[in-house]
Amino acid sequence: MRKSKTFYNVFIPILVLSIGLVIGFGSYIYSSTIRSVADRVGESHQSLITQIRNTLEQKIQTIEYAFNTYSTTKSFHEVINNPLTERDFETYRELNTQLNYIATMGLDGVQYSLISLNQNWRISNGSLSLLSEEERDELYEQYIDKASKGLYWVKTDDGIRFIHTLPVSSQDKQAIALSDISLQTLNHTLQTKPETSVYILNKEGELLYSAQTKTDMLSEQDLRLISEQVANEPLTGKMTVEIATGDSVIALYAKSDYNNWTYVTLLDQKEVSEALATTRFGLIIMAIVIMLLMVILAYLLSVYLTRPYRKIQSSLAASPEPMLRDEVDWIIRSIDSIVSEKESLEHLIELEKPKLETQFVLNLLQNRVTREETEKSLERFGYPITSSTLFVTMLIQLDSYGEGQVSDKDVLLLAVNNLVQEIVPEPGRLLPVVLNERTQATVLLFDKGDATDMRKQILQYAKLLIKSAREYLKSSISIGISLPYDDALNSREACETSLEALYQRLNLGKESIIFYEDVSTGISGPILLHYPTELEAQLFDAIRLGDEQEVSRSLYPLLADMMKHSLNPMNLEVTLIRFVNNLIQLEQLIGVEILLTPSNANLYHRLLDTRNPEEIERILVYEVIYPMVRSMKEKTNQQFRSIADKIATIIRTEYDQDLSLESISERLHYSPNYLSSIFRKEYGTTFSEYVMNYRLEIAKKWLVDTDMTIKDIAERLRYQNSQNFIRSFRKKEHVTPGAYRKMKLER
């Protein structure tokens, strides 16, 4: 039976993990076993090399002690200084007996020799021989002159030799005691195995004895390196040494604290490998068996784990997705298909639900639903309506559009609607809606209780909405709030009372929060209490002149005065109607067409329907007055220049007569203020300054060209006295008239 991809996705990781664990665990056991066997073999070799050190050191100490003891006896000195011959049989026998005694104390098979340097004889292995002078000198040079010590051991071709120059305590050496230990004797004494390498090094690291295998051939340099490295180590131990060939060897050593010899043996890797052969075979068999078990276990576990996938696949067999060997992928694709269909249906439902909910709230506010429809809709949309629920209708209108234009009003209302949804929690309201092109509406829900707490909660919502609109939308809003009511079907009446509350923001200004209960009594009084006639006259004069700066200075105080003195909204409506009528009359007088165009035909309705003071101001300023000013400015530019030129001509021809703006205005049939504004606008100076400057120019000409006195000039130019003339002249020319005449005549 072919297995699915899911089966192999489970089976292969489990199998790989299991095999990895077996290999890792087996490797750990094998490495631990190697270390254990190596330690055990090392301990055996360490015990061997320590035993060799103790055995040989004991024999050497015995030999050295025997010779040291004998060299201090009186008989020794007599024998050394006595020339032995064949006739000195007793002396020879005694000396030979002494050497045999020393031999019994030391090692078997050691050859002992005693040489007298004074009498030139030698006893070796019981035989007596005489030394020639050459042999004596050679011995003296070899063992006394070149030696720095009186007792030492050296390596020979056949073994090692003990040299003891006598007497010990004297610099004048008279005899030499030699003990030759052969390799056979050493091998027999040390009981070394043929496959075991043993090295004996003296204090200087020189090789005294070696019993080495064919595979363990260390050079003298290697041995000296080992001696140097173990010099500061404990008496026994183990260390890894890099030898001259570049290989690493494990050396086990034992140092003698008697003569500082170092006994070294090498750890045979072959011996360790042979000891591990059985263990290695067992580990391999165990690993194979465990791996087979792991394969079976992984198979069974994979079958068990993939069984739910097969059940799910069987359950989804009716899915439109074609069956695949990859069960998980097929299941995921099938589930995705089901989820996609479900999400599509839910999406359609969610798309339609806000529309239905919005339409229901609009119908409720406009009283277009029955009680039965209202109850069903409230339940269907999940609103927590009970017999103790109170409703409050909150309406929001824009005071200003911030950085946007009037055309952005719909977008801003939608943004305000979103703010309400974020700020007022869902359990405390119906769905917020945009009621019309000017108003956003929200029906708030409260439980019957303390009216003060309800008002505080509403006030908190309103303040947060105003703050959020200011910060995020850069615009201002006002909020009207109805009286609480307990029947949802009364929402239309509540909406009307909220609108009536918002009507009062004409008096309260922008960003107002108005409760209907606070303004329901209203303010009674006459329809028109005040109209700013003088401010209107100043504005109309500025319009006639086409002076935009003067219009700005006059317009805003006029509008502020209208708002300030209109305590009742009805008063403001009457004031606005009168102001628009006067603007229409002014327009007809000056011959421009702004208010009478088709685009402004509904101006009255727009102003009366607007509850926002800033919007009223914007309509009047930017759609009526500024267009009138610009139109009048274009029309009167040439007329103003002509009138100003006439005034200038009168001044230049009648400068020596009494001139005033009032007299000229009578001649030209204009008001003095009007002429003053025109003249200043065209010539950039006032009428009186122009007259004074022109007369001073005439005075300068008369001072130079005539002999008229300063008094006569002042009288001709209509100054009250000469001092006034002198003061005016000096103020402009920075010199007196007399000084000016003198200065000009001297040139």
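The shown structure was predicted, so the numbers you read here are calculated from the model rather than taken from an experiment. (Residues numbered from 1 in each chain as written. Predicted model: local features only at pLDDT ≥ 70, side-chain atom pairs only at ≥ 80, totals over all residues. Heavy atoms only, no water.)

Trainee: So what about the pairing of strand S14 (residues 439–447)? Which residues, and what values?
Mentor: Counting buried residues along S14, eight of its nine residues qualify, which places the element largely inside the surrounding structure. Examined bridge by bridge, strand S12 (residues 389–398) and S14 share nine bridges and lie antiparallel to one another. When the sheet's bridge partners are listed, Phe391 is paired in S14 with Leu445. (Buried < 20%, exposed > 50% of the residue type's maximum accessible area, 1.4 Å probe, protein only. Helix = DSSP H or I, 4+ residues; strand = E, 2+ residues; numbered from the N terminus. Pairing = 2+ DSSP bridges.)

Trainee: Go over the packing of aromatic side chains, please, and point to the residues and values.
Mentor: In this description, an aromatic ring pair is defined by two values, namely the gap between the centres and the angle between the planes. With the rule as written, the count across this model stands at 14 aromatic pairs. Taking the centre distance of 5.9 Å and the plane angle of 85° together, the rings of Trp153 and Trp261 count as edge-to-face. In this pair, Trp153 is assigned in strand S4 (residues 151–155) and Trp261 in the loop between strand S10 (248–255) and strand S11 (262–266), connecting sequence segments 108 residues apart. In this structure Trp153 comes out as buried when scored by relative accessible area, which is 8%. For Trp261, a relative accessible area of 5% gives the class buried. Between the aromatic rings of Phe679 and Tyr683, the centroid separation amounts to 4.8 Å while the plane-to-plane angle is 20°, which identifies the pairing as stacked. Note that Phe679 and Tyr683 are positioned in helix H21 (residues 672–683) at a spacing of four residues, about one turn of the helix. Since its relative accessible area comes to 0%, Phe679 is described here as buried. Aromatic ring contacts, followed pair by pair, group Phe679, Tyr683, Phe687 and Tyr690 into a single cluster. (Phe/Tyr/Trp six-rings, centres within 6.5 Å; stacked < 30°, edge-to-face > 60°.)

Trainee: Give a detailed account of the pattern of salt bridges, specifying residues and quantitative values.
Mentor: In this structure the tally under the stated criterion is 13 salt bridges. With a shortest N-O distance of 2.7 Å, Glu550 and Arg553 are connected by a salt bridge. Of this pair, Glu550 and Arg553 are both found in helix H16 (residues 548–564), three residues apart, which corresponds to roughly one turn of the helix. Classification of Glu550 by relative accessible area gives partly exposed; the value is 27%. Taken together, the shared-partner salt bridges in this structure form one network comprising Glu697, Lys700, Lys732 and Glu733. (Salt bridge = Lys/Arg side-chain N within 4 Å of Asp/Glu carboxyl O.)

Trainee: Got a sec to walk through a nonpolar patch on the surface? Specific residues and values, please.
Mentor: Taken together, Phe281, Ile284, Ile285, Ile288, Val289, Leu292, Leu293, Ile296, Tyr299 and Leu300 make up a surface patch of nonpolar side chains, about 980 Å² in accessible area. Secondary-structure assignment places Val289 in helix H7 (residues 269–315). (Patch = residues over 30% accessible without salt bridge, like charges linked within 9 Å, V, L, I, M, F, W, Y side chains within 5 Å. Areas by Shrake-Rupley, 256 points an atom, 1.4 Å probe, with all protein chains shown as cover.)

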